[in-house]
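# Fold and contact review
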Amino acid sequence: LRSTLTAALAVVSFVVVAVADASPAMAACTVSTIESQGRSNAHVECIQQALTDAGFAPGPVDGIFGVRTAAAVRAFQGSEGLARTGVVTPNTARSLGIWKKPPCRPKKVVPARATTVVDVRSSGSWATLRLMKRTDSGWSCKGAVMAARVGRNGVTPLAQRVGGDGTTPTGAFRLGRMTAPNGDVFKFFGTRADPGVKGAWHDVQPDDCWWVDPGSKKYNRLISRSATTCPGENEYLPSYRNSYSRAALIAANMGPNRVGDDPGETPRAAAIFLHRHARDASGASKATSGCVSLTGPQLDFVLRRLPLRGTWFVIS
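What comes next is a walk through the structure. (Residues numbered from 1 in each chain as written. Predicted model: local features only at pLDDT ≥ 70, side-chain atom pairs only at ≥ 80, totals over all residues. Heavy atoms only, no water.)

## Observations regarding unusual backbone geometry
The phi dihedral of Asn-220 falls on the positive side, at around 55°, and the residue is not glycine. In this structure, Asn-220 sits in the loop between strand S10 (208–211) and strand S11 (221–224). For Asn-253, which is not a glycine, the phi torsion comes out positive at approximately 65°. Its location among the elements puts Asn-253 in the loop between strand S13 (247–249) and strand S14 (273–276). Judged by relative accessible area, which is 9%, Asn-253 ranks as buried. (Helix = DSSP H or I, 4+ residues; strand = E, 2+ residues; numbered from the N terminus. Buried < 20%, exposed > 50% of the residue type's maximum accessible area, 1.4 Å probe, protein only.)

What follows is the structure, given as structure tokens:
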């Protein structure tokens, strides 16, 4: 009996060791960022392994998010009833069983007076967004990790950005402030009703035009112009009925020291907002021209919780 038991224990020990040696890092891998085609990192390798284990074929498990991996992601999303974007958002990673919430603290240093941070971390034209509140013991996150959209060409530090380059400026920016032609002093605006923000709301008026042509004092300001006299890249706000249904101002290159309002200056940023997703004909969210966007319900959730003082956007 003793020899039989010894042999059995040896077999069990061998099995335990064999399982432990079977790629423990990959068996326990997690992701905490959005990943999309063109990315290359350990998170992508984790996604590829999870897709393979789920019966989908992403190609080699090599950490390179290529066409085959994107196709496998879309196939998996379809099987789960998710939007077939080919992008591994938090919802997709949760369905794969590999999502892990990132730490609840801003990625960059924010001023001591900041009480609320909208933390945006980009991955191509996609990003994760978290709403963070300062507490006596650190930071507390409100709501889920949200899938946001940023510039169609990703992000660029504000000091290197050129107006119209399709990137979202990175940095730490306060909640912006603007005076409308009708006299409203506001930080939030929209073509539809105020969702319950903490004051300073502006209802978009018929002649509201956000001027983005550089070289004049109108640059990055809301002025009064008709649709026909707000041409080109300048934004006639009433025409953005859906995407600007509700929005918050991000103070990137705002105020009296903005760059681009004098002739010859390189325009750095204009009309940078947190707003609702724009969508294509199929209903899929579109990358922005330089703003940050969310779904309507997520946007309302965030806007209602932004104080007029102490709010900062941290974009990386």
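## Points about the sheet that holds strand S12 (residues 235–236)
Picture the strands of a sheet paired through backbone hydrogen bonds; they go either parallel or antiparallel. The three strands lie next to each other as S11-S10-S12, forming an open sheet whose pairing is antiparallel. Two strands close off the open sheet at either side, each with one partner strand: S11 and S12. Bridging between S10 and S11 involves four bridges; their strand directions are antiparallel. Counterpart to Trp-210 in the pairing with S11 is Leu-222. (Pairing = 2+ DSSP bridges.)

## Regarding the packing of aromatic side chains
The tally for this structure, following the rule as stated, stands at seven aromatic pairs. Joined through ring pairs, the aromatic side chains of Phe-186, Phe-189, Trp-210, Tyr-240, Tyr-244 and Phe-273 make up one cluster. One residue, Arg-149, lies across the ring of Trp-126, its end atom 4.0 Å from the ring centre. (Phe/Tyr/Trp six-rings, centres within 6.5 Å; stacked < 30°, edge-to-face > 60°. Lys NZ or Arg CZ within 6 Å of the ring centre and 35° of its normal.)

## Side note on the environment of Pro-263
Assignment of secondary structure puts Pro-263 in the loop between S13 and S14. Relative accessible area serves as the criterion here: at 68%, Pro-263 is assigned to the exposed category. C-alpha separation for the pair Pro-263 and Phe-188, spaced 75 residues apart in sequence, amounts to 29 Å.

## Focus on the pattern of salt bridges
As enumerated under the stated definition, the model contains eight salt bridges in all. The salt bridge partner of Asp-300 is Arg-246, with a shortest N-O separation of 2.7 Å. Placement of Asp-300 in helix H6 (residues 296–303) and of Arg-246 in the loop between S12 and S13 is noted, with a sequence separation of 54 residues between them. Classification of Asp-300 by relative accessible area gives buried; the value is 10%. Residue Arg-258 pairs with Asp-261 through a salt bridge whose shortest N-O separation is 4.0 Å. For the pair formed by Arg-258 and Asp-261, the shared burial category is buried. Each of the salt bridges in this network shares a partner with another, and the network as a whole consists of Lys-217, Arg-258, Asp-261 and Asp-262. (Salt bridge = Lys/Arg side-chain N within 4 Å of Asp/Glu carboxyl O.)

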